[in-house]
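A closer look at the structure
The lines below spell out each chain.
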Amino acid sequence: MSKKIEKLCDHINDTAREKHLFSFTQYDENASERRAYSNYSYWISTWRAFTKNRVAMALLAFLICLLTFTLIQPYLPYQKNPTEIYLAKDTGRQDRNHRPDAQFWFGTNTIGQDLWARIWSGTRTSLLIGLAVGFWNALIGIAVGSLWGYVRQLDALITEMYNVIRNIPTSIVLILASYILRPSVMTMIMAMCITGWLPMARFVRNQIVIIRDREYNLASRCLGTPMRRLVVKNLLPYLISVIMLRIALAIPQAIGMEVFLTYIGLGLPVSIPSLGNLINEGRIVMMSPLTRYQLIFPSIVLSAITVSFYVMGNAFADAADPKNHV
């Protein structure tokens, strides 16, 4: 009996002690807002993580300067026409294979055209093709891939369409488009965009299939969240890092495809300077040490652009990963 009394006393003492330790407080709306507030921003955090990569920032500054220079280069003083054929003052004939000097900074080609002007004109053309093809493929690829991966009813239909189009060699499509349409920059862009979006669509579809049935997505569907909002808010943000990497790599790939088409004789006409045309012209005369500069200069520009986009794409993909945010 005494043990029961002792337990009851201990319980009463514990209760009294708890009353002294805990007490009710008044609700303060401002205080609750302050506790719930977070200044985290995904894009600001991504930019901060990206700026910590000094190599990527240096290459970004380089690309901005390069793009700016290619746009303003024709309007600078002492610039020559990239399509004009210059004549030698002493002979009156075409100033062919003129080595770099104060008059022709990068020399002339085999018909007497200024290589400096042609390189920057070709860089403008190749960058236009690369950016247009890269963003078009990303836009169509993300849209089709999202529907393909999320809407189950469309999976079989789009899969069959993908298999049919994908089994047609890309080079055959590019060759047919180049033969049927008049050679031009727009023709080149259209030819690359016909099948260029397929890898992006397939990649986005596979990623969405992995995460579409996770708990938070099932809860959103049960609450009646529209499909468009669910895809844009719940699914695509998890894929931003890899999508940006694919976009960054698609730009130099498009430039490389333009070089390949020109190499096999199906690219832009000689009257439209491009890095593909310049490299193809330099390849013809590369065996002679006196004219090897015609291949070296455009190859350096193309390599610098390709490496810059590749390194920046990888750096931005790492920065876009929330795990790397502080």
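For the structure itself, consult the block above.
What comes next is a walk through the structure.

Conventions we followed
- Residues numbered from 1 in each chain as written.
- Predicted model: local features only at pLDDT ≥ 70, side-chain atom pairs only at ≥ 80, totals over all residues.
- Heavy atoms only, no water.
- Patch = residues over 30% accessible without salt bridge, like charges linked within 9 Å, V, L, I, M, F, W, Y side chains within 5 Å.
- Areas by Shrake-Rupley, 256 points an atom, 1.4 Å probe, with all protein chains shown as cover.
- Salt bridge = Lys/Arg side-chain N within 4 Å of Asp/Glu carboxyl O.
- Helix = DSSP H or I, 4+ residues; strand = E, 2+ residues; numbered from the N terminus.
- Buried < 20%, exposed > 50% of the residue type's maximum accessible area, 1.4 Å probe, protein only.
- Contact = heavy atoms within 4.5 Å.
- Phe/Tyr/Trp six-rings, centres within 6.5 Å; stacked < 30°, edge-to-face > 60°.

Regarding a nonpolar patch on the surface
On the surface, Ile168, Ile172, Leu176, Tyr179, Ile180, Leu181, Met186 and Met190 cluster together into a nonpolar patch covering about 830 Å² of accessible area. Elements supplying a minimum of two residues to the nonpolar patch: helix 7 (170-180) and helix 8 (185-196). Relative to the elements of secondary structure, isoleucine 168 occurs in the loop between helix 6 (155-166) and helix 7. The class for isoleucine 168 is partly exposed, based on a relative accessible area of 40%.

Looking at the side chain of serine 308
For serine 308, the location among the structural elements is in helix 14 (residues 293-320). Among all residues touching serine 308, those that are not within four sequence positions of it are Leu59, Phe62 and Leu63.

Some points on the packing of aromatic side chains
Here the structure, examined in full by the defined rule, presents 11 aromatic pairs. Pairing phenylalanine 106 with tryptophan 116 gives two aromatic rings, centres 5.0 Å apart and planes at 75 degrees, and the pair type is edge-to-face. Of this pair, phenylalanine 106 sits in the loop between helix 4 (54-72) and helix 5 (115-150) while tryptophan 116 sits in helix 5, and the two are 10 residues apart along the sequence. For tryptophan 116, a relative accessible area of 14% corresponds to the buried category. Ring centres of tryptophan 148 and tyrosine 162 lie 5.3 Å apart, and the angle between their planes is 45 degrees; this geometry places the pair in the tilted category. Highlighted residues: tryptophan 148 in helix 5 and tyrosine 162 in helix 6, separated in sequence by 14 residues.

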